[in-house]
Amino acid sequence: MWSLVFRTLKFRKTGFIATFLAMFLGAAIVMACGGLLETGIRMAAPPQRLAAAPVVVTGQQKDGSTALTERNRIDPGLVDTVRAVPGVREAVADVSFPATVLTDGKPATGESDSYGHAWDSARLTPYDLTKGAAPARGGDVVLDSGLAARSGASVGSAVELTAHGTTQRYVVTGIATRKGGRDAKSALFFSGAEAQRLAATGGKIDSIGVLPAPGTDVAALGTAVKSAVGGKATVYTGERRGLAELPGTMASQTTVTILAAIFGSWAVLIVMFGVASTLGLSLQQRQHEMALLRAIGTTSRQVRRMILGETAVLSVVATALAILPGQLLGKLLFGQLTGHGVVSDAITFHEGWIPVVVGAVAAVAAALGATMFAGRRAARTKPVAALAESTLQARWFTVPRLLLALFFFANGITLSVLTVTVMEDGPSLASTAGPASVLFAIGLALLAPGITKGIVAALRWPVRLLTGLSGELALHNAATRNVRMAGAVAPIVLLIGIATGTLYMQSTEDHVSARSYAKDVRADYVLDSKTGGFAPGAVEEVRGVPGVAGASELVTSTGQVDKSGGSDIALRGVSADGVTKTLAVAPVTGSLGDLRDDTVALSDKQAEKYGVRVGDPLPLRLGDGSRVEPKVVALYTDNPKQQYILLPSSLLAPHTTDGLPAQIMVRAADGADPAALRERLDRLAAAGPGVEVAGRSTLTSHNNQIQQILVSANYTIVAMIVGYAAITVINALVAVTRQRSREFGLQRLTGATRAQVIGMLSVEGGLVAVIGTVLGTIAAATTIVPYSLVKNDSPMPAGSIGIYLAIIGGALLLIFGATLVPSWRGMRNPPIETVTKPA
């Protein structure tokens, strides 16, 4: 039997190559998505600044199941607690804050992000003092060698530094060089007291680096330290130590895992459908071969064993060869996520054995399932009936197929209904809207033979009228071989459904986000600090510029209302005297001018949701995990597309990683000369190190940039899945076309020209395109309509019609390219050779 298996593999190259490609690419895609999921779960980040510490203690970056977006600092008293653990040689506190060397009042040329630390923590990297001495007084600083070279500083020279919004001169007492290479971020070292003053963290520290005593087991020490600190901090060992240097990174873990899980589940469904449809089509094309085998005495069991043997050989080879491409594809996808800022590039991509097994199982399960389903009928049919049926239209309708189609329809419709009725406008909306089109498309593909027959019957008269003899032949083929045509239609439905649904879902999100944000901002200019933020009082200087009607600091963060059940909400820190001038907030009750100290303002709909009124406390969890209960002083008109809560910047900023507002919004006075005002603001900015002035579009473009982070990630992964669907289309069409080579030869022997055969195929391709477009659009609507209703208050998506036309154009190119090119090449041979060639 195995000899027969390998002989059939040898002589059925076209069908087996198509099946092999479906399995190979499908397994690679699932493995790649699995690698993303594993990477998100593990969140491994090799340490840089803390590389010499095998155990690192840092603030908890999760509050329950919610990841914090800002650094959660820890009490310095934990240093003594950790130092007392048996096996600890040293416990070194580390604090980190933005600090920039200035050259002629500007950040040093070519400088990357630079951060200040206490000199005691230099051993955690480790840094060696190669020149000079350690900082001993408040005015001393040690620079790393790279920063010293870029700024032209040397031991004994004076440098200007800006940190925490203030600028002062320091004396360079030493130059330090990192062992084993250079840190990605430049380092400046101060005395311990000066570092704490500049960090302005209220005495709290970022992390504790633990240096073990000689001979101490690191794993056991990590467990002991974790037990000692209890729930007051997080303890990292091994490849996760770098997370202590990346505050807010754990928030991206949710994004990566959700993306990988959603698109991975899509990929599994699509891959299983693609493999099953390709293999099923290949087995249908071999009905005559199966009939001959049954006629010469082959038993049903032997036929099944042969088919399963072929599938097993292809599955093992395809999945084995897909392991390396799957890893490379996963790294490529992860590179897109890091390149667009979805996750830090310090996170390491991981793809272990679990994604490999899942990808292999998905491809093999789809292949074996299709083999059992499609090969069962050929194996059970009586020999004489098998020979007769091999030349007739295959029976496609079965109760299991109908039930399976209804299952996919029901789930697709359920997700659409949930999107409209249950889901709120937010990041999770796509998790129900997106898969709806995939499920509905698969349901339509399962019933494609019957639907195809009905649509062909409806198009009969217009096609005859417009295409003449070629159309007559095409209609005859479509009517008598609707199963074959449905095999070409099904992947087109999937391709158009997924591409149209996903791209218009994203374009709607982009449009609504940009429109609502632009409408919300009234500021004409924005001052942007590139050196860590503005010191208190800077906004007053801006208000004093002639032509300025109002100015407000802007701090952005994310937190939660304790009454909200765990959902995140945007927090904005603003200045009470300028918020109404720079943001489009219309007070309903109370006064935004009272937004000072421990106060808060929120929309009227939010107040109703949380059950608070003016004068009530609102329990909040800020981005660093701190709990506050500011008093509600104002309610403003709700904007459902821009949900945020307003806090005084002086309250919110200290609970962010950098600790200062990084932007100041400016509103021009009525009648002010724009050019003159811009010149005054530029002069003011020039007096502050690293301050830039930009137009109002900077704020909206920054919001768009944040939005584009997920856009790019979505497009990358969707392009991969759509690409697989496109390959499935090509496989199906090429296989169907090559199977009909004898049919084309007979047509040419009976008088048809090559051009007439191509004309017939063109009409058939047009029918496939029309049917696939109609069904694909219906499938896409299950995603687009509910998503647009929630996002845009309209069933129609936002976005250019060019997106839809491009998708249809791409589908047409695939259809005609995969049909006409192999047909034209096949008809270069004399028709008599084509007819007499074995099938």
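In what follows, the structure referred to is the one given above.
Basis of the calculations
Residues numbered from 1 in each chain as written. Predicted model: local features only at pLDDT ≥ 70, side-chain atom pairs only at ≥ 80, totals over all residues. Heavy atoms only, no water. Pairing = 2+ DSSP bridges. Helix = DSSP H or I, 4+ residues; strand = E, 2+ residues; numbered from the N terminus. Axes fitted to C-alpha atoms, helices over the stretch in contact; angles between N-to-C directions. Phe/Tyr/Trp six-rings, centres within 6.5 Å; stacked < 30°, edge-to-face > 60°. Buried < 20%, exposed > 50% of the residue type's maximum accessible area, 1.4 Å probe, protein only. Expected span 1.5 Å × (residues − 1). Parallel < 35°, antiparallel > 145°, perpendicular 65-115°, else oblique. Contact = heavy atoms within 4.5 Å. Nonpolar A, V, L, I, M, F, W, Y, C, P; charged D, E, K, R; others polar. Salt bridge = Lys/Arg side-chain N within 4 Å of Asp/Glu carboxyl O.

Chemist: Explain the sheet that holds strand E1 (residues 55-58) to me, using residue names and the numbers behind them.
Modeler: Read across the sheet, 4 strands follow the order E4-E13-E1-E14 without closing on themselves; strand pairing throughout is antiparallel. The open sheet has two free edges, formed respectively by strand E4 (88-94) and strand E14 (234-237), since each of these has just one partner strand. Averaged over all pairs of adjacent strands, the angle between their axes in this sheet comes to 25°, without regard to strand direction. Pairing analysis gives 4 bridges linking E1 to E14, with the strands arranged antiparallel. Note on E14: the bridge partner recorded for Val-56 is Tyr-236.

Chemist: Run through the packing of aromatic side chains, naming residues and quoting values.
Modeler: One pass over the full model with this rule turns up 8 aromatic pairs. Measuring from ring centre to ring centre gives 5.9 Å for Phe-97 and Phe-190, while their planes differ by 35°; the resulting arrangement is tilted. With Phe-97 in strand E5 (residues 97-103) and Phe-190 in strand E12 (residues 186-190), this pair connects stretches of sequence that are 93 residues apart. Side by side, Phe-97 and Phe-190 carry an identical accessibility label, which is buried. Measuring from centroid to centroid gives 5.3 Å for Tyr-170 and Phe-190, while their planes differ by 70°, and the two rings are edge-to-face. Remark: Phe-190 occurs in strand E12 and Tyr-170 occurs in strand E11 (residues 166-178); sequence separation between them is 20 residues.

Chemist: Can you tell me about helix H12 (residues 399-421), naming the residues and giving the values?
Modeler: Its 23 residues place the ends of H12 32 Å apart at the C-alpha level, agreeing with the 33 Å of an ideal helix rising 1.5 Å per residue. Inspection of H12 places Arg-401, Ala-405, Phe-408, Phe-409, Gly-412, Leu-415, Ser-416 and Thr-419 among the buried residues, and these make up the whole buried set.

Chemist: Describe in detail helix H13 (residues 429-446), supporting the description with residues and values.
Modeler: The end-to-end C-alpha distance of H13, which contains 18 residues, comes to 27 Å, matching closely the 26 Å that a straight helix rising 1.5 Å per residue would cover. Buried residues dominate H13, accounting for 16 of its 18 residues.

Chemist: Break down the packing of H13 against helix H14 (residues 448-480) for me, with residues and values.
Modeler: Close contact between H13 and H14 brings their axes to 5 Å; oriented N to C, the two are set at 70°. Relative to H14, H13 is oriented roughly perpendicular. Taken together, the residues of H14 that come into contact with H13 (itself represented by Leu-444, Ala-445 and Leu-446) are Ala-448, Pro-449 and Ile-451. Here the residues of the contact of H13 with H14 are counted per class, giving 6 nonpolar, no polar and no charged.

Chemist: Can you tell me about the pattern of salt bridges, naming the residues and giving the values?
Modeler: As enumerated under the stated definition, the model contains 17 salt bridges in all. Of the charged contacts in the structure, one is a salt bridge between Arg-596 and Asp-577, with a shortest N-O distance of 2.5 Å. A residue pair is termed long-range when its members are at least 10 positions apart, and Arg-596 in the loop between strand E18 (587-590) and strand E19 (599-603) and Asp-577 in the loop between strand E17 (568-574) and helix H17 (579-582) qualify at 19 residues. The class for Asp-577 is partly exposed, based on a relative accessible area of 45%. Across the pair Arg-683 and Glu-679 runs a salt bridge whose closest N-O atoms are separated by 3.3 Å. With Arg-683 and Glu-679 both in helix H20 (residues 674-686), this residue pair falls 4 residues apart, about one helical turn.

Chemist: Describe the pairing of strand E24 (residues 663-668), listing the residues and the values that go with them.
Modeler: With 5 of 6 residues buried, E24 lies mostly within the body of the structure. Here strand E15 (residues 525-529) runs beside E24; their pairing, made up of 4 bridges, is antiparallel. Looking at E24, one finds that Leu-527 is bridged to Ile-664. Of the strand pairs in this sheet, strand E16 (residues 548-561) and E24 are connected by 6 bridges, and their pairing is antiparallel. Each bridged residue has a counterpart across the sheet, and for Leu-554 the counterpart in E24 is Gln-663.

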